[in-house]
Amino acid sequence: MKKRQAMALGMAAIMLTGCGASSSAPATTAAAGSSAAASTEAAAETTAAAKTETSGSGKVYLLNFKPETDEQWQELASTYNKQTGVEVNVLTAADGQYNTTLQSEMAKTDAPTIFNIGNTSAAQTWDDYTYDLKDTDLYKHLTDKSLAVEYNGKVAAVANCYESYGIIYNKTILDAYCGLPNAKAASVEDINSLDKLEAVADDINGRLDELNKALDGAFDVTEAFASAGLDDGSSWRFSGHLANMPLYYEFKDDGVDVTAGEATIKGKYLDNYKRVWDMYVRDSAADPKTLNSGALNAEQEFGMGEAVFYQNGDWEWSALTSGDNGYTVTEDDIDMMPIYFGVDDANEGLCVGTENHWAVNAKAPQEDIDATLAFLNWVITSDEGRDAITNGMALSAPFDTFEGEYAPTNKFAATSAKLMKDGKTSVAWSFNATPNVDDWRADVVSALTAYTDGSGNWDAVKTAFVDGWASQWKLAEEAAKK
(Lines give C-alpha, C1' and ligand atoms only; values in the text may rest on other atoms or scores of the structure.)
Protein backbone atom coordinates (compact mmCIF):
# COMPACT_ATOMS: atom_id res chain seq x y z
CA MET A 1 0.00 0.00 0.00
CA LYS A 2 2.91 2.41 0.54
CA LYS A 3 3.47 2.65 -3.22
CA ARG A 4 -0.23 3.02 -3.94
CA GLN A 5 -0.53 5.63 -1.19
CA ALA A 6 2.34 7.62 -2.59
CA MET A 7 0.74 7.55 -6.03
CA ALA A 8 -2.58 8.72 -4.61
CA LEU A 9 -0.95 11.59 -2.74
CA GLY A 10 1.03 12.56 -5.80
CA MET A 11 -2.07 12.68 -7.96
CA ALA A 12 -3.91 14.74 -5.37
CA ALA A 13 -1.14 17.31 -5.47
CA ILE A 14 -1.08 17.23 -9.27
CA MET A 15 -4.78 17.90 -9.54
CA LEU A 16 -4.47 20.92 -7.30
CA THR A 17 -1.66 22.43 -9.37
CA GLY A 18 -3.39 21.60 -12.66
CA CYS A 19 -1.75 23.01 -15.78
CA GLY A 20 0.72 24.95 -13.69
CA ALA A 21 2.89 21.85 -13.32
CA SER A 22 6.28 21.49 -14.92
CA SER A 23 6.41 20.60 -18.61
CA SER A 24 9.87 19.10 -18.58
CA ALA A 25 10.48 16.11 -20.81
CA PRO A 26 9.21 12.85 -19.31
CA ALA A 27 10.94 9.52 -18.97
CA THR A 28 8.78 6.87 -20.62
CA THR A 29 8.84 3.32 -21.80
CA ALA A 30 8.94 2.47 -25.47
CA ALA A 31 5.64 2.70 -27.32
CA ALA A 32 4.12 -0.37 -28.93
CA GLY A 33 2.39 1.32 -31.83
CA SER A 34 5.27 0.84 -34.25
CA SER A 35 5.32 -2.90 -33.67
CA ALA A 36 1.53 -3.07 -33.74
CA ALA A 37 1.42 -1.18 -37.05
CA ALA A 38 4.02 -3.52 -38.54
CA SER A 39 1.64 -6.44 -38.95
CA THR A 40 1.98 -8.23 -42.27
CA GLU A 41 0.03 -7.37 -45.39
CA ALA A 42 -1.60 -10.79 -45.26
CA ALA A 43 -2.93 -10.14 -41.77
CA ALA A 44 -4.19 -6.72 -42.84
CA GLU A 45 -6.02 -8.22 -45.81
CA THR A 46 -7.73 -10.90 -43.73
CA THR A 47 -8.91 -8.31 -41.21
CA ALA A 48 -9.92 -5.56 -43.64
CA ALA A 49 -13.62 -6.20 -43.13
CA ALA A 50 -13.23 -6.18 -39.35
CA LYS A 51 -11.26 -2.95 -39.56
CA THR A 52 -14.00 -1.22 -41.52
CA GLU A 53 -16.71 -2.52 -39.21
CA THR A 54 -14.80 -1.59 -36.08
CA SER A 55 -13.68 1.97 -36.65
CA GLY A 56 -12.97 2.87 -40.26
CA SER A 57 -9.65 4.61 -40.72
CA GLY A 58 -9.23 5.77 -37.14
CA LYS A 59 -6.31 5.05 -34.85
CA VAL A 60 -5.85 4.76 -31.08
CA TYR A 61 -3.21 6.29 -28.81
CA LEU A 62 -3.31 5.30 -25.13
CA LEU A 63 -1.24 7.23 -22.59
CA ASN A 64 -0.98 4.69 -19.78
CA PHE A 65 -0.89 5.80 -16.15
CA LYS A 66 0.32 2.59 -14.46
CA PRO A 67 3.92 1.65 -15.33
CA GLU A 68 3.50 -1.84 -13.89
CA THR A 69 0.86 -2.64 -16.56
CA ASP A 70 2.91 -1.55 -19.57
CA GLU A 71 3.70 -5.05 -20.84
CA GLN A 72 0.05 -6.11 -20.84
CA TRP A 73 -1.07 -2.96 -22.68
CA GLN A 74 1.61 -3.42 -25.32
CA GLU A 75 0.40 -6.97 -25.90
CA LEU A 76 -3.24 -5.86 -26.12
CA ALA A 77 -2.31 -3.18 -28.65
CA SER A 78 -0.57 -5.75 -30.81
CA THR A 79 -3.40 -8.29 -30.51
CA TYR A 80 -6.07 -5.75 -31.43
CA ASN A 81 -4.06 -4.57 -34.42
CA LYS A 82 -3.72 -8.13 -35.68
CA GLN A 83 -7.44 -8.78 -35.25
CA THR A 84 -8.76 -5.54 -36.75
CA GLY A 85 -5.95 -3.78 -38.59
CA VAL A 86 -6.45 -0.72 -36.38
CA GLU A 87 -3.27 1.05 -35.31
CA VAL A 88 -2.95 1.17 -31.52
CA ASN A 89 -0.07 2.99 -29.85
CA VAL A 90 0.67 2.74 -26.13
CA LEU A 91 2.96 5.12 -24.29
CA THR A 92 3.52 4.56 -20.57
CA ALA A 93 4.58 7.48 -18.41
CA ALA A 94 7.30 6.92 -15.85
CA ASP A 95 6.19 6.60 -12.25
CA GLY A 96 5.33 10.05 -10.88
CA GLN A 97 5.64 11.72 -14.30
CA TYR A 98 2.15 11.27 -15.68
CA ASN A 99 0.97 14.88 -15.50
CA THR A 100 4.15 16.16 -17.10
CA THR A 101 3.91 13.54 -19.84
CA LEU A 102 0.24 14.26 -20.44
CA GLN A 103 0.82 17.98 -20.92
CA SER A 104 3.70 17.31 -23.27
CA GLU A 105 1.82 14.74 -25.38
CA MET A 106 -1.42 16.75 -25.54
CA ALA A 107 0.49 19.62 -27.13
CA LYS A 108 1.44 17.43 -30.09
CA THR A 109 -0.46 17.02 -33.35
CA ASP A 110 -0.98 13.30 -32.75
CA ALA A 111 -2.14 13.61 -29.16
CA PRO A 112 -3.34 10.70 -27.01
CA THR A 113 -6.91 9.61 -27.69
CA ILE A 114 -7.12 7.90 -24.28
CA PHE A 115 -5.68 9.55 -21.19
CA ASN A 116 -6.04 9.26 -17.43
CA ILE A 117 -7.62 11.71 -15.01
CA GLY A 118 -7.76 11.23 -11.27
CA ASN A 119 -10.78 13.20 -10.13
CA THR A 120 -13.13 16.11 -10.79
CA SER A 121 -10.35 18.67 -10.41
CA ALA A 122 -8.55 17.01 -13.28
CA ALA A 123 -11.79 16.94 -15.28
CA GLN A 124 -12.00 20.70 -14.81
CA THR A 125 -8.42 21.14 -15.96
CA TRP A 126 -8.97 19.03 -19.06
CA ASP A 127 -12.61 19.96 -19.66
CA ASP A 128 -12.11 20.97 -23.30
CA TYR A 129 -10.44 17.62 -24.00
CA THR A 130 -12.91 15.22 -22.40
CA TYR A 131 -15.42 13.55 -24.68
CA ASP A 132 -18.86 12.92 -23.15
CA LEU A 133 -19.03 9.17 -22.47
CA LYS A 134 -22.62 9.00 -21.22
CA ASP A 135 -23.99 7.32 -24.38
CA THR A 136 -21.08 4.90 -24.86
CA ASP A 137 -21.00 1.15 -24.27
CA LEU A 138 -18.12 1.77 -21.87
CA TYR A 139 -20.34 3.80 -19.53
CA LYS A 140 -23.31 1.46 -19.95
CA HIS A 141 -21.18 -1.49 -18.78
CA LEU A 142 -20.04 0.39 -15.65
CA THR A 143 -21.44 -1.44 -12.63
CA ASP A 144 -21.30 1.46 -10.18
CA LYS A 145 -21.96 4.80 -11.89
CA SER A 146 -20.42 6.62 -8.93
CA LEU A 147 -17.08 5.47 -10.37
CA ALA A 148 -17.51 7.85 -13.29
CA VAL A 149 -16.17 11.40 -13.15
CA GLU A 150 -18.91 13.87 -14.07
CA TYR A 151 -18.14 17.48 -14.83
CA ASN A 152 -19.81 20.29 -16.73
CA GLY A 153 -22.88 18.24 -17.60
CA LYS A 154 -21.02 15.30 -19.10
CA VAL A 155 -19.46 11.99 -18.14
CA ALA A 156 -15.87 13.12 -18.49
CA ALA A 157 -14.21 9.81 -17.59
CA VAL A 158 -14.94 6.26 -16.48
CA ALA A 159 -12.97 4.27 -13.92
CA ASN A 160 -11.03 1.41 -15.48
CA CYS A 161 -10.15 -0.23 -12.17
CA TYR A 162 -10.77 0.31 -8.52
CA GLU A 163 -9.45 -0.50 -5.08
CA SER A 164 -11.47 -1.08 -1.95
CA TYR A 165 -10.85 -0.79 1.74
CA GLY A 166 -12.81 -1.54 4.88
CA ILE A 167 -12.34 -3.75 7.91
CA ILE A 168 -10.58 -7.02 7.18
CA TYR A 169 -11.76 -9.72 9.55
CA ASN A 170 -10.95 -13.29 10.51
CA LYS A 171 -14.10 -15.28 9.78
CA THR A 172 -12.84 -18.40 11.55
CA ILE A 173 -12.37 -16.51 14.80
CA LEU A 174 -15.70 -14.72 14.45
CA ASP A 175 -17.50 -18.01 13.81
CA ALA A 176 -16.02 -19.35 17.04
CA TYR A 177 -17.01 -16.20 18.90
CA CYS A 178 -20.59 -16.32 17.59
CA GLY A 179 -20.87 -19.83 19.01
CA LEU A 180 -20.10 -18.64 22.54
CA PRO A 181 -22.95 -18.34 25.03
CA ASN A 182 -24.53 -14.87 24.99
CA ALA A 183 -22.42 -13.69 22.07
CA LYS A 184 -23.42 -10.27 20.77
CA ALA A 185 -23.89 -11.64 17.24
CA ALA A 186 -25.34 -14.92 16.02
CA SER A 187 -23.25 -14.94 12.84
CA VAL A 188 -20.78 -12.84 10.89
CA GLU A 189 -23.64 -11.61 8.72
CA ASP A 190 -25.27 -10.27 11.87
CA ILE A 191 -22.46 -7.72 12.19
CA ASN A 192 -23.99 -5.09 9.92
CA SER A 193 -23.83 -1.81 11.84
CA LEU A 194 -21.52 0.21 14.05
CA ASP A 195 -23.68 -0.63 17.07
CA LYS A 196 -23.26 -4.33 16.41
CA LEU A 197 -19.57 -4.12 15.53
CA GLU A 198 -18.80 -2.14 18.67
CA ALA A 199 -20.73 -4.58 20.87
CA VAL A 200 -18.94 -7.57 19.33
CA ALA A 201 -15.47 -6.01 19.56
CA ASP A 202 -15.97 -4.97 23.17
CA ASP A 203 -17.25 -8.42 24.06
CA ILE A 204 -14.40 -10.21 22.31
CA ASN A 205 -11.84 -8.13 24.15
CA GLY A 206 -13.46 -9.07 27.44
CA ARG A 207 -13.68 -12.81 26.69
CA LEU A 208 -10.30 -13.65 25.15
CA ASP A 209 -9.61 -16.71 27.31
CA GLU A 210 -13.05 -18.13 26.58
CA LEU A 211 -12.68 -17.45 22.87
CA ASN A 212 -9.24 -19.05 22.64
CA LYS A 213 -10.54 -22.13 24.40
CA ALA A 214 -13.28 -22.41 21.78
CA LEU A 215 -10.70 -22.03 19.01
CA ASP A 216 -8.80 -25.00 20.47
CA GLY A 217 -5.39 -23.84 19.30
CA ALA A 218 -6.39 -22.66 15.84
CA PHE A 219 -5.37 -19.12 16.77
CA ASP A 220 -4.18 -17.33 19.89
CA VAL A 221 -6.26 -14.14 19.97
CA THR A 222 -4.92 -11.23 22.03
CA GLU A 223 -7.15 -8.38 20.83
CA ALA A 224 -10.24 -7.57 18.82
CA PHE A 225 -8.58 -4.87 16.69
CA ALA A 226 -5.04 -4.85 15.36
CA SER A 227 -3.02 -1.89 16.62
CA ALA A 228 -3.92 1.54 15.26
CA GLY A 229 -0.39 2.76 14.63
CA LEU A 230 0.09 6.52 14.32
CA ASP A 231 3.65 6.35 13.00
CA ASP A 232 4.35 7.47 9.43
CA GLY A 233 4.05 3.93 8.09
CA SER A 234 0.52 3.43 9.44
CA SER A 235 -1.14 6.76 10.26
CA TRP A 236 -2.50 7.21 6.73
CA ARG A 237 -5.02 4.50 7.59
CA PHE A 238 -6.68 6.93 9.99
CA SER A 239 -5.79 10.44 8.79
CA GLY A 240 -6.66 9.36 5.26
CA HIS A 241 -8.84 6.28 5.10
CA LEU A 242 -10.83 6.60 8.32
CA ALA A 243 -10.97 10.40 7.93
CA ASN A 244 -12.58 9.70 4.57
CA MET A 245 -15.79 8.66 6.32
CA PRO A 246 -16.74 12.01 7.92
CA LEU A 247 -15.60 13.85 4.79
CA TYR A 248 -17.74 11.66 2.50
CA TYR A 249 -20.92 12.01 4.51
CA GLU A 250 -20.50 15.76 4.97
CA PHE A 251 -19.79 16.35 1.27
CA LYS A 252 -22.81 14.21 0.45
CA ASP A 253 -25.05 16.22 2.79
CA ASP A 254 -23.79 19.47 1.29
CA GLY A 255 -24.54 18.31 -2.24
CA VAL A 256 -21.00 18.81 -3.55
CA ASP A 257 -18.89 16.44 -5.59
CA VAL A 258 -17.76 13.93 -2.99
CA THR A 259 -14.32 13.48 -4.56
CA ALA A 260 -13.71 17.21 -5.20
CA GLY A 261 -14.80 18.44 -1.77
CA GLU A 262 -15.27 22.04 -0.66
CA ALA A 263 -13.23 24.86 0.81
CA THR A 264 -14.67 24.65 4.32
CA ILE A 265 -16.06 21.82 6.41
CA LYS A 266 -17.99 21.78 9.67
CA GLY A 267 -16.91 18.43 11.06
CA LYS A 268 -20.52 17.28 11.27
CA TYR A 269 -19.58 13.61 11.59
CA LEU A 270 -16.47 13.90 13.75
CA ASP A 271 -18.34 12.38 16.71
CA ASN A 272 -18.78 9.24 14.59
CA TYR A 273 -15.09 9.36 13.72
CA LYS A 274 -14.24 9.61 17.42
CA ARG A 275 -16.50 6.68 18.24
CA VAL A 276 -14.81 4.41 15.71
CA TRP A 277 -11.32 5.57 16.72
CA ASP A 278 -12.03 5.01 20.40
CA MET A 279 -13.22 1.48 19.58
CA TYR A 280 -10.01 0.77 17.64
CA VAL A 281 -7.89 1.89 20.58
CA ARG A 282 -10.01 0.46 23.41
CA ASP A 283 -10.31 -2.99 21.84
CA SER A 284 -6.65 -3.41 20.97
CA ALA A 285 -3.80 -4.82 23.03
CA ALA A 286 -1.53 -1.91 22.08
CA ASP A 287 -0.63 0.66 24.71
CA PRO A 288 -2.28 3.96 23.62
CA LYS A 289 0.88 5.81 24.64
CA THR A 290 2.99 3.90 22.09
CA LEU A 291 0.87 4.18 18.95
CA ASN A 292 3.34 6.56 17.26
CA SER A 293 6.41 4.55 18.26
CA GLY A 294 6.77 2.66 14.99
CA ALA A 295 7.23 -0.56 16.95
CA LEU A 296 3.75 -1.94 16.14
CA ASN A 297 2.89 -4.14 13.18
CA ALA A 298 -0.87 -4.41 12.63
CA GLU A 299 -0.53 -6.60 9.55
CA GLN A 300 1.54 -9.12 11.44
CA GLU A 301 -0.85 -9.09 14.40
CA PHE A 302 -3.72 -9.92 12.07
CA GLY A 303 -1.71 -12.32 9.92
CA MET A 304 -0.70 -14.35 12.97
CA GLY A 305 -4.30 -14.63 14.14
CA GLU A 306 -3.78 -12.42 17.17
CA ALA A 307 -6.33 -9.80 16.03
CA VAL A 308 -9.84 -10.33 14.70
CA PHE A 309 -10.25 -7.01 12.85
CA TYR A 310 -7.81 -4.92 10.81
CA GLN A 311 -8.71 -1.74 8.91
CA ASN A 312 -6.99 -1.85 5.54
CA GLY A 313 -7.58 -2.48 1.84
CA ASP A 314 -7.69 -5.12 -0.86
CA TRP A 315 -4.00 -4.52 -1.60
CA GLU A 316 -3.36 -6.52 1.60
CA TRP A 317 -4.71 -9.73 0.05
CA SER A 318 -1.43 -10.95 -1.41
CA ALA A 319 0.55 -9.83 1.65
CA LEU A 320 -1.68 -11.85 3.95
CA THR A 321 -2.07 -14.95 1.79
CA SER A 322 1.18 -15.29 -0.15
CA GLY A 323 2.36 -18.10 2.11
CA ASP A 324 5.96 -16.88 2.35
CA ASN A 325 5.57 -14.65 5.39
CA GLY A 326 4.90 -17.24 8.08
CA TYR A 327 1.39 -15.97 8.74
CA THR A 328 -1.10 -18.45 10.10
CA VAL A 329 -4.22 -17.03 8.42
CA THR A 330 -5.26 -18.55 5.12
CA GLU A 331 -7.46 -17.43 2.24
CA ASP A 332 -10.38 -19.30 3.78
CA ASP A 333 -10.07 -17.41 7.07
CA ILE A 334 -10.37 -13.84 5.91
CA ASP A 335 -12.82 -11.42 4.31
CA MET A 336 -13.76 -7.74 4.48
CA MET A 337 -16.71 -5.71 5.78
CA PRO A 338 -17.51 -1.99 5.55
CA ILE A 339 -16.23 0.53 8.08
CA TYR A 340 -19.62 0.90 9.69
CA PHE A 341 -19.92 4.53 10.73
CA GLY A 342 -23.35 4.85 12.29
CA VAL A 343 -24.77 6.98 9.47
CA ASP A 344 -26.18 4.77 6.71
CA ASP A 345 -24.93 1.36 7.79
CA ALA A 346 -27.76 -0.63 6.18
CA ASN A 347 -26.84 0.64 2.72
CA GLU A 348 -23.11 1.07 3.08
CA GLY A 349 -20.61 -0.82 0.98
CA LEU A 350 -16.83 -0.77 1.09
CA CYS A 351 -14.83 2.39 0.45
CA VAL A 352 -14.26 2.17 -3.28
CA GLY A 353 -12.17 4.48 -5.36
CA THR A 354 -9.49 4.94 -7.90
CA GLU A 355 -7.18 7.49 -9.43
CA ASN A 356 -7.49 5.66 -12.75
CA HIS A 357 -10.22 6.92 -15.08
CA TRP A 358 -10.22 6.64 -18.86
CA ALA A 359 -10.97 9.89 -20.65
CA VAL A 360 -11.30 10.14 -24.43
CA ASN A 361 -9.79 13.12 -26.22
CA ALA A 362 -12.68 15.20 -27.57
CA LYS A 363 -10.27 17.17 -29.81
CA ALA A 364 -9.15 14.07 -31.69
CA PRO A 365 -10.59 13.49 -35.18
CA GLN A 366 -13.99 11.79 -35.03
CA GLU A 367 -12.64 8.66 -36.73
CA ASP A 368 -10.02 8.37 -33.97
CA ILE A 369 -12.67 8.87 -31.28
CA ASP A 370 -14.78 6.12 -32.85
CA ALA A 371 -11.75 3.83 -33.08
CA THR A 372 -10.86 4.57 -29.47
CA LEU A 373 -14.34 3.80 -28.15
CA ALA A 374 -14.38 0.54 -30.13
CA PHE A 375 -10.99 -0.43 -28.71
CA LEU A 376 -12.01 0.27 -25.12
CA ASN A 377 -15.21 -1.72 -25.58
CA TRP A 378 -13.13 -4.60 -26.93
CA VAL A 379 -10.83 -4.40 -23.90
CA ILE A 380 -13.71 -4.83 -21.44
CA THR A 381 -15.66 -7.45 -23.43
CA SER A 382 -13.09 -9.65 -25.19
CA ASP A 383 -11.43 -12.65 -23.61
CA GLU A 384 -8.03 -11.13 -24.34
CA GLY A 385 -8.84 -7.81 -22.71
CA ARG A 386 -10.55 -9.21 -19.64
CA ASP A 387 -7.81 -11.77 -19.07
CA ALA A 388 -5.15 -9.08 -19.29
CA ILE A 389 -6.90 -6.83 -16.76
CA THR A 390 -7.92 -9.52 -14.25
CA ASN A 391 -5.00 -11.91 -14.48
CA GLY A 392 -2.19 -10.04 -16.22
CA MET A 393 -2.57 -6.68 -14.46
CA ALA A 394 -4.24 -8.13 -11.32
CA LEU A 395 -6.78 -5.30 -11.32
CA SER A 396 -10.44 -5.21 -10.33
CA ALA A 397 -12.55 -3.79 -13.14
CA PRO A 398 -15.92 -2.12 -12.41
CA PHE A 399 -17.76 -3.47 -15.47
CA ASP A 400 -20.60 -6.00 -15.68
CA THR A 401 -18.60 -8.01 -18.20
CA PHE A 402 -16.10 -9.13 -15.55
CA GLU A 403 -17.84 -12.21 -14.20
CA GLY A 404 -17.09 -15.91 -14.02
CA GLU A 405 -13.46 -16.59 -14.87
CA TYR A 406 -12.82 -12.85 -15.18
CA ALA A 407 -14.19 -11.91 -11.76
CA PRO A 408 -11.59 -10.48 -9.34
CA THR A 409 -9.24 -13.14 -8.03
CA ASN A 410 -8.65 -11.04 -4.94
CA LYS A 411 -11.32 -12.13 -2.41
CA PHE A 412 -11.57 -8.65 -0.89
CA ALA A 413 -12.19 -7.17 -4.33
CA ALA A 414 -14.76 -9.88 -5.03
CA THR A 415 -16.59 -8.91 -1.83
CA SER A 416 -16.61 -5.30 -2.98
CA ALA A 417 -18.04 -6.32 -6.36
CA LYS A 418 -20.74 -8.41 -4.69
CA LEU A 419 -21.78 -5.54 -2.42
CA MET A 420 -22.07 -3.28 -5.47
CA LYS A 421 -24.13 -5.90 -7.27
CA ASP A 422 -26.36 -6.25 -4.19
CA GLY A 423 -27.14 -2.54 -4.37
CA LYS A 424 -24.97 -1.32 -1.52
CA THR A 425 -23.63 2.21 -1.92
CA SER A 426 -19.86 2.34 -2.25
CA VAL A 427 -18.26 5.03 -0.12
CA ALA A 428 -16.29 7.27 -2.47
CA TRP A 429 -12.68 8.22 -1.80
CA SER A 430 -13.39 11.73 -0.56
CA PHE A 431 -9.90 11.95 0.93
CA ASN A 432 -8.72 12.61 -2.64
CA ALA A 433 -9.98 16.17 -2.09
CA THR A 434 -7.61 16.78 0.85
CA PRO A 435 -5.75 20.08 0.35
CA ASN A 436 -1.97 20.04 0.89
CA VAL A 437 -2.49 16.47 1.96
CA ASP A 438 0.79 15.88 3.81
CA ASP A 439 0.53 19.00 5.94
CA TRP A 440 -3.16 18.54 6.76
CA ARG A 441 -2.71 14.91 7.74
CA ALA A 442 0.37 15.65 9.83
CA ASP A 443 -1.59 18.12 11.95
CA VAL A 444 -4.50 15.71 12.37
CA VAL A 445 -2.16 12.87 13.38
CA SER A 446 -0.37 15.10 15.87
CA ALA A 447 -3.65 16.08 17.53
CA LEU A 448 -4.97 12.51 17.40
CA THR A 449 -1.77 11.21 19.01
CA ALA A 450 -2.02 13.71 21.85
CA TYR A 451 -5.69 12.91 22.42
CA THR A 452 -4.99 9.19 22.49
CA ASP A 453 -1.98 9.27 24.80
CA GLY A 454 -3.78 11.59 27.21
CA SER A 455 -1.70 14.72 26.68
CA GLY A 456 -4.35 16.47 24.58
CA ASN A 457 -8.10 16.62 24.07
CA TRP A 458 -10.61 15.90 21.33
CA ASP A 459 -11.26 19.60 20.66
CA ALA A 460 -7.73 19.86 19.31
CA VAL A 461 -8.48 17.03 16.86
CA LYS A 462 -11.58 18.93 15.69
CA THR A 463 -9.55 22.09 15.24
CA ALA A 464 -6.86 20.31 13.22
CA PHE A 465 -9.53 18.62 11.12
CA VAL A 466 -11.85 21.57 10.45
CA ASP A 467 -9.76 24.73 10.76
CA GLY A 468 -6.76 22.98 9.29
CA TRP A 469 -8.80 22.03 6.25
CA ALA A 470 -9.83 25.63 5.56
CA SER A 471 -6.29 26.91 6.05
CA GLN A 472 -4.69 24.31 3.80
CA TRP A 473 -7.37 24.75 1.13
CA LYS A 474 -6.64 28.48 1.01
CA LEU A 475 -2.90 27.87 0.82
CA ALA A 476 -3.38 25.32 -1.96
CA GLU A 477 -5.50 27.75 -3.96
CA GLU A 478 -2.93 30.51 -3.54
CA ALA A 479 -0.14 28.18 -4.66
CA ALA A 480 -2.14 27.11 -7.72
CA LYS A 481 -2.48 30.74 -8.84
CA LYS A 482 1.28 31.35 -8.81
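Residues numbered from 1 in each chain as written. Predicted model: local features only at pLDDT ≥ 70, side-chain atom pairs only at ≥ 80, totals over all residues. Heavy atoms only, no water.

### Overview of the layout of surface pockets
Let me state the cut-off plainly: Lining residues are defined by having an atom within 4 Å of a point belonging to a cavity or pocket. Those points lie on a 1 Å grid over the protein atoms alone, cavities being sets where a 1.4 Å probe fits but cannot get out and pockets being open sets with protein on both sides within 12 Å along at least five of seven lines. Grid points are joined across faces, edges and corners, and a volume is the space filled by probe spheres set on the points. Each helix corresponds to a stretch of at least 4 residues labelled H or I by DSSP, and each strand to a stretch of at least 2 residues labelled E; elements are numbered beginning at the N terminus.
Roughly 450 Å³ of internal volume is contained in the second largest pocket. Along the walls of the second largest pocket sit 19 residues, with Tyr169, Met336, Pro338, Tyr340 and Leu419 positioned nearest its centre. Looking at the lining of the second largest pocket, the elements that each hand over two or more residues are β9 (334-337) and α19 (411-421).

### As for the pairing of strand β11 (residues 357-360)
Defined as follows: Residue exposure (1.4 Å probe, protein chains only): buried if accessible area is under 20% of the type maximum, exposed if over 50%, otherwise partly exposed. Pairing between strands is defined by DSSP: at least two bridges between the two strands are required.
Burial along β11 is two-sided: the residues His357 and Ala359 and Trp358 and Val360 are all buried. When strand β3 (residues 114-117) meets β11, the two strands line up antiparallel, connected through four bridges. Among the inter-strand pairings, isoleucine 114 is bridged to a residue of β11, identified as valine 360. Bridge count between strand β5 (residues 154-159) and β11: two bridges; the pairing is antiparallel. From the neighbouring strand, valine 158 faces β11, where its bridge partner is tryptophan 358.

### Examining the packing of helix α14 (residues 270-282) against helix α20 (residues 437-453)
So the rule is basically this: Axes, fitted as lines to C-alpha atoms, cover a helix only where it is in contact. Angles between the N-to-C directions of the axes lie from 0 to 180 degrees. Relative orientations are named as follows: roughly parallel for angles under 35 degrees, roughly antiparallel for angles over 145 degrees, roughly perpendicular for angles from 65 to 115 degrees, and oblique for any other angle. In a left-handed crossing the near helix is turned counterclockwise from the far helix by less than a right angle, and in a right-handed crossing that turn is clockwise. Should any heavy atoms of two residues lie within 4.5 Å, those residues are counted as being in contact. Note on residue classes: Ala, Val, Leu, Ile, Met, Phe, Trp, Tyr, Cys and Pro are nonpolar, Asp, Glu, Lys and Arg are charged, and everything else, Gly too, is polar.
Running from amino to carboxyl end, α14 crosses α20 at an angle of 55°, the nearest separation of the two axes being 12 Å. The angle between α14 and α20 falls in the class oblique. As α14 runs across α20, the sense of the crossing is right-handed. Residues Tyr273, Lys274, Trp277, Asp278 and Val281 of α14 touch α20, and the partners they reach there are Leu448, Tyr451 and Thr452. Counted by class, the contact of α14 with α20 contains five nonpolar, one polar and two charged residues.

### Looking at the packing of aromatic side chains
What counts here: Pairing of aromatic side chains here covers Phe, Tyr and the six-membered ring of Trp, requires ring centres within 6.5 Å, and sorts the geometry by plane angle: under 30 degrees stacked, over 60 edge-to-face, intermediate tilted. Two thresholds decide whether a charge sits over a ring: the Lys NZ or Arg CZ must be within 6 Å of the ring centre and within 35 degrees of the ring normal.
Under the definition given, this model contains 29 aromatic pairs. Plain terms: the ring middles of tryptophan 440 and tryptophan 469 are 5.4 Å apart, the flat faces sit at 90° to each other, and that makes the pair edge-to-face. Taken as a pair, tryptophan 440 in helix α20 and tryptophan 469 in helix α21 (residues 458-481) lie far apart in primary sequence, 29 residues in all. Judged by relative accessible area, which is 1%, tryptophan 440 ranks as buried. Using a relative accessible area of 0% as the deciding quantity, one classes tryptophan 469 as buried. An aromatic cluster is defined as three or more aromatic residues linked by ring pairs; in this entry it consists of Phe251, Tyr273, Trp440, Tyr451, Trp458, Phe465, Trp469 and Trp473. Geometry around tyrosine 139 places lysine 145 over its ring, the cationic atom sitting 5.2 Å from the centre.

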